[in-house]
Amino acid sequence: MQRTAQAVWKGTGKEGSGTLTTPSGVLNAQPYSFKLRFQDEDGRNGTNPEELIAAAHAGCFSMALSFQLAGAGFTADELNTTAVLTMEPVDGNQTITKIVLKLSATIPGITAEQFQTLADTAKANCPVSRVLKADISLEATLA
């Protein structure tokens with residue numbers, strides 16, 4: 001399985017701007033910029049890569065946990081996950097240093113120990129958690 005997304009950027013890093021588009025149409029020339037990324041500008045005007053990573057992580061983890069629960073014979077009434085991504089300078093480069101998954105769950109019949117074990121397994125094995133260990137390659141062409 002492969003998924004795609006397209007980024008188009010014009011101008012300099014600080015003054016330029018870009019758009020993000022996905023084949024599903026969820027992002028359709030969605031604006032992003034330096035201000036949206038690094039200066040906490042109002043997100044209603046666009047997005048940023050880190051926000052998208054946080055959203056992907058929250059969604060992936062919640063779905064992974066639902067599969068773990070089903071495998072153990074449980075069904076959640078609700079899994080409400082917020083991913084809090086921290087980006088800060090490390091050795092002079094902006095770096096995602098941590099993501100905290102904050103989960104509030106309603107799951108009938110589960111014990112606290114079962115819940116923690118299944119949540120830990122989902123955190124460790126959801127594809128977005130594992131992406132940080134991915135082999136990343138680059139195919140660059142100059143037009």
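Keep in mind that this is a model prediction, so the values were computed, not measured.

K.L.:
Sorry, what's going on with the nonpolar core here?
P.N.:
Soluble globular proteins tend to bury their nonpolar side chains together. In terms of nonpolar packing, the biggest core is built from 13 residues, with F61, L65, L69, F74, I107, I110 and L118 touching the most fellow members. Looking at this core, the elements with two or more residues in it are α2 (49–71) and α3 (112–125). With five residues, α2 is the largest single contributor of residues to this core. Sequence-distant contacts of F61, that is, excluding residues within four places in its chain, are made with T81, L101, L103, A119, A122, K123 and C126.

K.L.:
Before we go on, may I ask you to explain the layout of surface pockets in this structure?
P.N.:
Empty space among the atoms becomes apparent when a probe as large as a water molecule is rolled across them. Here the largest pocket is characterised by a volume of approximately 640 Å³. If you go around the largest pocket, you meet 15 residues; those closest to its centre are Q2, R3, T4, A5 and T22.

K.L.:
What should I look at first to understand α2 in this one?
P.N.:
Along an α-helix, a turn takes 3.6 residues, which lines up residues three or four apart on a common side. Along its 23 residues, α2 runs 33 Å from first to last C-alpha, staying within 8% of the 33 Å computed at 1.5 Å per residue. All of the buried residues along α2 are E50, A54, H57, A58, C60, F61, S62, A64, L65 and L69. On its buried face, α2 sits against α1 (34–38), β4 (78–90), β5 (93–106), α3 and α4 (127–130). Capping the start of α2 is the job of one residue whose side-chain oxygen sits 3.1 Å from the backbone nitrogen of E50: N48. Phi for G73, located one or two positions after α2, is positive at around 90°.

K.L.:
I tried to follow α3 on my own but got confused; where do I start?
P.N.:
In this model, α3 (14 residues) spans 20 Å end to end at C-alpha, consistent with the 20 Å of a helix rising 1.5 Å per residue. L118, A119 and A122 are the residues of α3 that are buried. Down the axis of α3, the buried side of the element spans an arc of 100°, and every buried residue falls inside it. Buried residues along α3 sit against α2 and β5.

K.L.:
Mind showing me how you'd approach the packing of α2 against α3 here?
P.N.:
Two quantities define a packed helix pair, namely the angle between the helix axes and the distance between the axes. With their axes 8 Å apart at the nearest point, α2 and α3 run at an angle of 130° to one another. Taken together, the axes of α2 and α3 are oblique relative to one another. The handedness of the crossing between α2 and α3 is right-handed. Contact with α2, carried on its side by F61, A64, L65, Q68 and L69, involves F115, L118, A119, T121, A122 and K123 of α3 and no other residues of that element. When the residues that make up the contact of α2 with α3 are grouped by side-chain class, the tally is eight nonpolar, two polar and one charged.

Conventions and cut-offs
- Residues numbered from 1 in each chain as written.
- Predicted model: local features only at pLDDT ≥ 70, side-chain atom pairs only at ≥ 80, totals over all residues.
- Heavy atoms only, no water.
- Core = buried A, V, L, I, M, F, W, Y, C linked by side-chain atoms within 4.5 Å.
- Buried < 20%, exposed > 50% of the residue type's maximum accessible area, 1.4 Å probe, protein only.
- Helix = DSSP H or I, 4+ residues; strand = E, 2+ residues; numbered from the N terminus.
- Contact = heavy atoms within 4.5 Å.
- 1 Å grid on protein atoms, 1.4 Å probe; cavity = no way out; pocket = protein on both sides within 12 Å on 5 of 7 lines; lining within 4 Å.
- Points joined across faces, edges and corners; volume = space filled by probe spheres on them.
- Expected span 1.5 Å × (residues − 1).
- Polar contact = N/O pair within 3.5 Å; in protein donor to acceptor, adjacent residues only side chain to side chain.
- Arc of directions from axis to C-beta.
- Axes fitted to C-alpha atoms, helices over the stretch in contact; angles between N-to-C directions.
- Parallel < 35°, antiparallel > 145°, perpendicular 65-115°, else oblique.
- Left-handed = near helix turned anticlockwise from the far one by under 90°.
- Nonpolar A, V, L, I, M, F, W, Y, C, P; charged D, E, K, R; others polar.

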